Amino acid sequence: MKVVPPPRRALAHIPGSNGLPLIGSTLQVLADPKGYYEALAARHGLVMRVNILGETGVQLLGPEANELVLFDQQRLFSAQLGWGRFLDRVFPRGLLTLDFEEHRLQRRALAVAFKAGPLRAYLATLDAGIAAAVARWRATPGPMTLYPEMKRLTLDLAARSFLGADIGPEMEGIRSAFADMVAATVAPIRRPLPGTQMRRGVQGRTRIVAYLAQQVPSRRMSDGSDLFTQLCHTTTEDGVPLPTQAVVDHMSFLMMAAHDTLTSSLTAFVWLLATNPRWQVRLRDEIAGLGLQADEPLPFDRLDELRLTGMAFEEALRIIPPVPAVPRRALRDFEFGGYHIPAGTSIGINPLFTHHMPGLWPDPDRFDPDRFNETARAGRRRGAYVPFGGGAHMCLGLNFAMMQAKCFARHLLQNLSVGVAPGYVTAWRMWPIPQPKDGMQLHLVRID
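In this report, the structure presented in the accompanying data block is examined. (Residues numbered from 1 in each chain as written. Predicted model: local features only at pLDDT ≥ 70, side-chain atom pairs only at ≥ 80, totals over all residues. Heavy atoms only, no water.)

**Description of the sheet that holds strand 1 (residues 47-52)**
For step 1, the next point in the chain: Taken together, the five strands give an open sheet; going across it, the order is 1-2-8-5-3, and neighbouring strands pair in mixed fashion. Since the sheet does not close on itself, it has two edges, and those belong to strand 1 and strand 3 (77-78), each with one partner.
For step 2, the next point in the chain: Pairing geometry for strand 5 (residues 326-330) and strand 8 (residues 346-349), over four bridges, is antiparallel. Residue R328 lies in a different strand from strand 8, and its bridge partner there is I347. (Pairing = 2+ DSSP bridges. Helix = DSSP H or I, 4+ residues; strand = E, 2+ residues; numbered from the N terminus.)

**Examining the pattern of salt bridges**
For step 1, the next point in the chain: Across all of its chains, the model carries 22 salt bridges by this definition.
For step 2, the next point in the chain: A cluster of three or more residues bridged by salt bridges with shared partners is formed by E55, R85 and R329. (Salt bridge = Lys/Arg side-chain N within 4 Å of Asp/Glu carboxyl O.)

**So, unusual backbone geometry**
Glycine aside, a negative phi is what most residues show, and trans is what most peptide bonds show.
For step 1, the next point in the chain: Put simply, W431 and P432 share a cis peptide bond, and its omega is -5°.
For step 2, the next point in the chain: Note that P432 resides in the loop between strand 10 (428-429) and strand 11 (435-436).
For step 3, the next point in the chain: One non-glycine residue, D72, lies in the positive phi region at around 40°.
For step 4, the next point in the chain: Assignment of secondary structure puts D72 in the loop between helix 3 (63-71) and strand 3.
For step 5, the next point in the chain: On the basis of relative accessible area, D72 is assigned to the buried category, the value being 13%.
For step 6, the next point in the chain: In the Ramachandran plot, D363 falls in the positive-phi region, its phi being about 50° despite a non-glycine side chain.
For step 7, the next point in the chain: Tracing the chain through its elements places D363 in the loop between helix 15 (351-354) and helix 16 (374-378).
For step 8, the next point in the chain: A residue is classified by how much of its surface remains accessible, and D363, at 46% relative accessible area, is partly exposed. (Buried < 20%, exposed > 50% of the residue type's maximum accessible area, 1.4 Å probe, protein only.)

**Overview of the nonpolar core**
For step 1, the next point in the chain: One finds L60, W137, F162, M251 and F400 to be the most contacted residues of the largest nonpolar core, which totals 141 residues.
For step 2, the next point in the chain: For this core, the element with the most residues is helix 12 (residues 244-274), which contributes 17 residues.
For step 3, the next point in the chain: Those residues in contact with F162 that sit more than four places away from it in its chain are F114, Y122, D226, L227, F228, M251, L254, M255, A258 and F400. (Core = buried A, V, L, I, M, F, W, Y, C linked by side-chain atoms within 4.5 Å. Contact = heavy atoms within 4.5 Å.)

**Things to note about the pairing of strand 2 (residues 55-60)**
For step 1, the next point in the chain: Of all six residues making up strand 2, six are buried, and the element is well covered by its neighbours.
For step 2, the next point in the chain: Every second residue of strand 2 is oriented toward a common face, with E55, G57 and Q59 on one face and T56, V58 and L60 on the other, all of them buried.
For step 3, the next point in the chain: Taken together, the six bridges between strand 1 and strand 2 define a ladder with antiparallel strand orientation. Within the sheet, the bridge partner assigned to V47 lies in strand 2 and is L60.
For step 4, the next point in the chain: Joining the antiparallel neighbours strand 1 and strand 2 is a turn of two residues, in which L53 adopts a positive phi near 55°.
For step 5, the next point in the chain: Both strand 2 and strand 8 contribute to a ladder of two bridges, which runs parallel. Directly across from V58, in strand 8, lies its bridge partner I347.

Okay, structure coming up:
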């Protein structure tokens, strides 16, 4: 599929800014995406022209734009041509980057791994891994830099759940490779020149591909229940096994999603609980209501009882969504917000902006999980809250993410109280996946 981007003059009627020569507004967007788009929206409205990574495109903001692009009833937008410019060198051919019928077929093959049966098995693995990590933290209470600890934990959990094995001595190299690949997705220099982040990302992908590909033959001969083995046994509608390269591409993307986005989301979750101790107490009381001993696994059938915990995690995803913006490319001319937008235009929507619109979320920077009670949900349009995307590309692992968040909160809050030093505030780097710039400094207190 090829669509030619329109010349810049074809977008001249749309208000906005071309930014600096060559790089446009890339540095401003990377530095403060929320502030940048809020300022442009105040000046130009919810449709604006921007230049990011050297291409002039159009940003569509707000819930109506989210619904148009994500649910895409008219098949106006390509995810492949949108995400491709960011992901093609390091995460090519992942489910997120496929379109229409190909996406439907691949998604159906992968969806088997996220049904109730496999999720139940994953929970047992997650529970044991999280319990062990929290036990280590409990043994050494006091100051902690949270983000690197969460990054180690989520990679270990993803490996155990999806690969069915501990990565072992290769853990640090695998973690570093994924970090370089993710950073390369928004590297200002888009070619893998020596010394660039893109070069490091491409080298990281080479390592991950080799690590996964060498295991495919043995996995095809085994009967394991982990995602990787199941994927190696997956066939197309014609009964043909997925090619090795397809298996590797899907696994590298899913491992990144289960590792980096959950690291971000769980870090945000803990931060908001640490800075809102009243909610920390409420969730701890809910967890105590389960009546589980500290060393007793969390039963899969009791996850729904952690209703407030789920609401708190959803509110964390509202305030700091793991994917702050979603790219697409227009396949045909269309109209939106009173503007004609030509085929080939790079299109972006912005969950981070929408999740902080005061008209949708009063006092939007305040942590308030009650925004997700049944009454509040009933009165909210679907495009107002899109941390997992929507439509055909809705995140396949959303139930896995919620399950892991509830399991993590249960063990953490049953064993520890988390807080921050007076006056301490962490600053967030929002791209490509949000993370605290200083790693996030917390203080842990053991609960006896």
